[in-house]
Amino acid sequence: MSTPLSRFRAIALYEGISFLVLLFLAMPLKYLLDIPEPVKYVGWAHGVLFVLYVLTLAHVFFAERWSFLKGVVAFALSFVPFGTFWLDKKLKQEEEAKLAQKRERQVA
């Protein structure tokens with residue numbers, strides 16, 4: 001986690017996991033089995049992770065000079081179940097492509 005992008009990717013994965021736990025575990029427990037406590041704690045953790053997601057997104061947005069559209073899409077994907085996982089896959093592909101280009105320049 002030495003770069004803004006790697007930190008963002010890590011936070012995005014944790015935020016995505018917390019969102020899925022909230023949606024598919026805590027909420028059904030609350031509304032189907034009348035057990036509201038998990039929503040309180042998972043919701044709190046998810047809220048903290050969401051704030052970290054937004055802050056690290058802002059950092060990577062400026063550090064990597066992302067386009068406005070790319071930043072908006074990254075933000076919107078945090079509201080879509082499994083969206084942050086898809087984003088992570090795309091960002092990993094971009095990161096690997098940049099590393100490959102860097103290696104090619106060093107060899108040439």
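For the protein chain, the name recorded in an unreviewed UniProt entry is DUF3817 domain-containing protein, with Pontibacter populi as its organism. Comment text from UniProt for the protein chain, heading Subcellular location (unreviewed entry), reads "Cell membrane".

Student: Residue-level account of the packing of helix H1 (residues 4–33) against helix H2 (residues 37–63), with values.
Tutor: Angle between the axes and distance between the axes: these two values describe a pair of packed helices. As a packed pair, H1 and H2 sit with axes 8 Å apart at the nearest point and diverge in direction by 155°. Between H1 and H2, the interaxial angle falls into the category roughly antiparallel. The hand of the H1/H2 crossing is left-handed. Classifying every residue of the contact of H1 with H2 by side-chain character gives 22 nonpolar, 5 polar and 3 charged.

Student: An account of the side chain of arginine 9 is requested, with residue identities and associated values reported.
Tutor: With respect to the helices and strands, the residue arginine 9 is situated in helix H1. Given the relative accessible area of 16%, arginine 9 is considered buried. Of note is the side chain of arginine 9, whose polar atom sits 2.9 Å from the side chain of glutamate 95. Dropping the residues within four chain positions of it, arginine 9 is found in contact with Asp88, Leu91, Lys92 and Glu95.

Student: A description of the UniProt feature "domain: DUF3817" (unreviewed entry) in the protein chain should follow, citing residues and the corresponding values.
Tutor: Mapped onto this numbering, the UniProt entry annotates "domain: DUF3817" (unreviewed entry) at residues 5–92. For residues 5–92, the helix share is 86%, the strand share is 0%, and the end-to-end C-alpha distance is 9 Å.

Student: For the UniProt feature "transmembrane region" (unreviewed entry) in the protein chain, give the residues involved together with the corresponding values.
Tutor: Feature annotation in UniProt assigns "transmembrane region" (unreviewed entry) to the following positions: residues 12–29, 41–62 and 68–87. The span residues 68–87 is 75% helix and 0% strand, and its two end C-alpha atoms sit 16 Å from each other.

Student: Describe in detail the side chain of glutamate 15, supporting the description with residues and values.
Tutor: On the secondary structure map, glutamate 15 appears in helix H1. In this structure, glutamate 15 is buried with no salt-bridge partner, the nearest side chain bearing the opposite charge being arginine 9 at 13 Å. Not counting the four nearest positions on each side in its chain, glutamate 15 is found in contact with His46, Leu49, Phe50, Tyr53, Ser78 and Thr84.

Student: Any chance you could break down the nonpolar core for me, citing the residues and the numbers?
Tutor: Counting residues in each nonpolar core, the largest one holds 13 residues, and the members touching the most others are Phe8, Tyr53, Leu57, Trp66, Ala74 and Leu87. Residues contacting phenylalanine 8, with those up to four places away along its chain left out, are Tyr53, Thr56, Leu57, Val60, Trp66, Ala74, Leu87 and Leu91.

Student: Could you give an account of the packing of aromatic side chains, with specific residues and numbers?
Tutor: Counted according to the given criterion, the structure contains 7 aromatic pairs. On the basis of an interplanar angle of 45° and a centroid distance of 5.1 Å, the ring pair of phenylalanine 8 and tyrosine 53 is categorised as tilted. Here phenylalanine 8 is found in helix H1, whereas its partner tyrosine 53 is found in helix H2, with 45 residues between them in sequence. For phenylalanine 8, a relative accessible area of 0% gives the class buried. Taken together, the aromatic side chains of Phe8, Tyr53 and Trp66 make up a single cluster linked through ring pairs.

Basis of the calculations
- Residues numbered from 1 in each chain as written.
- Predicted model: local features only at pLDDT ≥ 70, side-chain atom pairs only at ≥ 80, totals over all residues.
- Heavy atoms only, no water.
- UniProt positions renumbered as here; feature names shortened; annotations may be inferred.
- Axes fitted to C-alpha atoms, helices over the stretch in contact; angles between N-to-C directions.
- Helix = DSSP H or I, 4+ residues; strand = E, 2+ residues; numbered from the N terminus.
- Parallel < 35°, antiparallel > 145°, perpendicular 65-115°, else oblique.
- Left-handed = near helix turned anticlockwise from the far one by under 90°.
- Nonpolar A, V, L, I, M, F, W, Y, C, P; charged D, E, K, R; others polar.
- Buried < 20%, exposed > 50% of the residue type's maximum accessible area, 1.4 Å probe, protein only.
- Polar contact = N/O pair within 3.5 Å; in protein donor to acceptor, adjacent residues only side chain to side chain.
- Contact = heavy atoms within 4.5 Å.
- Lys, Arg positive; Asp, Glu negative; His and termini not counted.
- Salt bridge = Lys/Arg side-chain N within 4 Å of Asp/Glu carboxyl O.
- Core = buried A, V, L, I, M, F, W, Y, C linked by side-chain atoms within 4.5 Å.
- Phe/Tyr/Trp six-rings, centres within 6.5 Å; stacked < 30°, edge-to-face > 60°.

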